[in-house]
Amino acid sequence: MPASFDLPVVVSGQGLRIRVSENQLLSQVVHEALQKSGNIGQNPSDWELRLNGNLLSLTISVSQAGLSAETTVFLSPKTGSGG
Amino acid sequence: MADPAPVLVDPEVSRAKLARQLQHWDAQRDEWDRRGYFITHREDLRVTVAFAARVVMQPGLPEIPLVLVNAEIDFANYDLWAPSVTLVEFLSRTPSIAPIPIQQVSNGQPVNVLLNDHPITRLPFLCLRGIREYHNHPQHSGDDWLLYRGTGRGTLISICDAIWKYSTRRVGGLGFNAISHPILGVQVQPVLIYNFDELASASGAQGAA
């Protein structure tokens with residue numbers, strides 16, 4: 001059974017913890033983080049997840065991303081431009 | 001400079017909302033320090049944030065931090081209005097244009113998001129959602145700030161995240177261009193070298209470092 005842990009996630013500056021399992025896709029983690037932070041109904045693809053400043057693909061799993069209870073990921077909205 | 005903003009939101013409300021964002025900022029300050037941006041001034045509803053890049057002068061030697069972007073963020077009438085962002089010179093804090101490009105990636109190509117001559121302020125401005133100068137630009141009258149209020153955009157942290165991502169994060173090191181001129185001789189000019197890691201991939205995403 002895959003291990004579960006509480007992942008620290010900072011959503012637009014607001015810190016919270018999301019219960020995740022190692023096999024969970026990051027897109028699901030983003031969805032749950034948006035729900036828990038009150039950003040209900042927002043599309044995860046409109047957000048970016050970063051670890052140590054590096055952008056994470058939402059199609060990989062928690063373990064593939066090397067996430068643990070000691071790593072903090074940062075979730076920020078993509079900032080579209082008009083030009 | 002533009003005229004002072006009319007008071008549409010009780011400043012105490014805007015101050016309370018900014019104070020909450022500053023609490024969030026302080027809680028994660030290690031991350032902002034690591035990214036190279038830091039608050040230099042806090043004055044009522046204005047916060048000034050400096051963005052430094054770590055420039056490699058020579059492999060093996062310590063990186064040198066260079067403040068290349070300095071942004072004054074004004075939360076007047078927040079959050080009925082989006083925050084206003086003015087790029088200012090680091091020492092004089094007068095409106096200025098950044099010495100490096102501020103670009104986002106669109107369809108694999110860099111697109112400038114720092115544009116000249118806003119029709120209202122007449123200043124350079126960041127053309128990004130969540131920033132007042134974007135939403136009050138006549139060309140964006142159909143993309144109102146109130147559509148994005150409360151969606152995570154237009155916060156101190158999300159604005160700084162965008163500025164860092166599109167500017168100092170991409171600075172990698174210092175190089176030199178050498179030109180042999182028939183009259184002036186050899187001319188050497190220092191140039192900043194940019195990382196294009198997120199530009200190179202179509203998705204702009206990568207696995208963990």
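Rules behind the numbers
- Residues numbered from 1 in each chain as written.
- Chains lettered and ligands numbered in written order.
- Predicted model: local features only at pLDDT ≥ 70, side-chain atom pairs only at ≥ 80, totals over all residues.
- Helix = DSSP H or I, 4+ residues; strand = E, 2+ residues; numbered from the N terminus.
- Buried ≥ 20, exposed ≤ 12 C-beta atoms within 10 Å, placed from the backbone.
- Contact = placed C-beta atoms within 7 Å.
- Nonpolar A, V, L, I, M, F, W, Y, C, P; charged D, E, K, R; others polar.
- Pairing = 2+ DSSP bridges.
- Core = buried A, V, L, I, M, F, W, Y, C linked by C-beta atoms within 7 Å.
- Axes fitted to C-alpha atoms, helices over the stretch in contact; angles between N-to-C directions.

Honestly, the overall build of chain B in this entry has me stumped. Any pointers?
Secondary structure assignment for chain B yields five helices and 10 strands. A principal-axis box enclosing the C-alpha atoms of chain B has dimensions of 60 × 40 × 35 Å. Here chain B holds 209 residues, and 33% of them are scored as buried. Taking the intrachain contacts of chain B between residues at least 6 apart in sequence as the baseline, contacts between residues at least 24 apart amount to 49%.

Sorry if this is basic, but what is going on with the interface of chain A and chain B here?
Accessible area lost upon the coming together of the parts is a frequently used measure of interface size. Every contact between the two is made by 27 residues of chain A and, on the other side, 35 residues of chain B. Those elements giving two or more residues to the side of chain A that touches chain B turn out to be strand E1 (4–11), strand E2 (14–21), strand E4 (54–55) and strand E5 (73–77) of chain A. By residue number, the principal contributor to the side of chain A that touches chain B is E5(A), which donates three residues. When the residues that make up the side of chain A that touches chain B are grouped by side-chain class, the tally is nine nonpolar, 18 polar and no charged.

Got a minute to help me understand the sheet that holds E2(A) in this structure?
Neighbouring strands of a sheet are bound in pairs by backbone hydrogen bonds; such pairs are parallel or else antiparallel. All names here are of chain A. On the basis of which strands lie adjacent, the open sheet formed by five strands has the order E2-E1-E5-E3-E4 and mixed pairing. If you trace the sheet from one side to the other, it starts and ends with E2 and E4, each paired once. Where strand E3 (residues 47–51) and E4 come together, two bridges link them in antiparallel fashion. Within E4, the residue paired with Arg 50 across the bridge is Leu 55.

Explain the nonpolar core here, please?
Grouped burial of nonpolar side chains is what soluble globular proteins tend to show. Core analysis: the largest hydrophobic core is formed by 40 residues, its most contacted members being B:Phe51, B:Ile73, B:Leu126, B:Ile159, B:Cys160 and B:Ile163. At the level of secondary structure, the elements contributing two or more residues to this core comprise helix H1 (11–27), strand E2 (46–55), strand E3 (64–74), strand E4 (84–87), strand E8 (125–126) and helix H4 (156–166) of chain B. Setting aside chain neighbours within four positions, we find B:Ile73 in contact with B:Arg46, B:Val47, B:Val49, B:Pro83, B:Val85, B:Leu156 and B:Ile159. A:Trp47, A:Leu49, A:Leu58 and A:Ala65 belong to the second largest nonpolar core, which has 21 residues in total.

What is the right way to look at unusual backbone geometry in this model?
Negative phi values dominate among residues other than glycine, just as trans dominates among peptide bonds. All names here are of chain B. That bond from Tyr 78 to Asp 79 is cis: its omega, 0°, falls within 30 degrees of zero. Mapped onto the secondary structure, Asp 79 falls in the loop between E3 and E4. Of note, Asn 77 is a non-glycine position whose phi angle comes to about 60°, a positive value. With respect to the element layout, Asn 77 can be found in the loop between E3 and E4. The phi dihedral of Arg 93 falls on the positive side, at around 60°, and the residue is not glycine. Residue position: Arg 93 is located in the loop between E4 and strand E5 (103–106).

Could you clarify how one ought to interpret the sheet that holds E4(B) in this entry?
Residues and elements named next belong to chain B. The sheet built from four strands is open, its strands ordered E1-E2-E3-E4 with antiparallel pairing. Of all strands in the sheet, those bounded by a partner on one side alone are strand E1 (37–43) and E4. With strand direction ignored, the average angle separating the axes of adjacent strands in the sheet is 25°. Of the pairings in the sheet, the one linking E3 to E4 comprises four bridges and is antiparallel in character.

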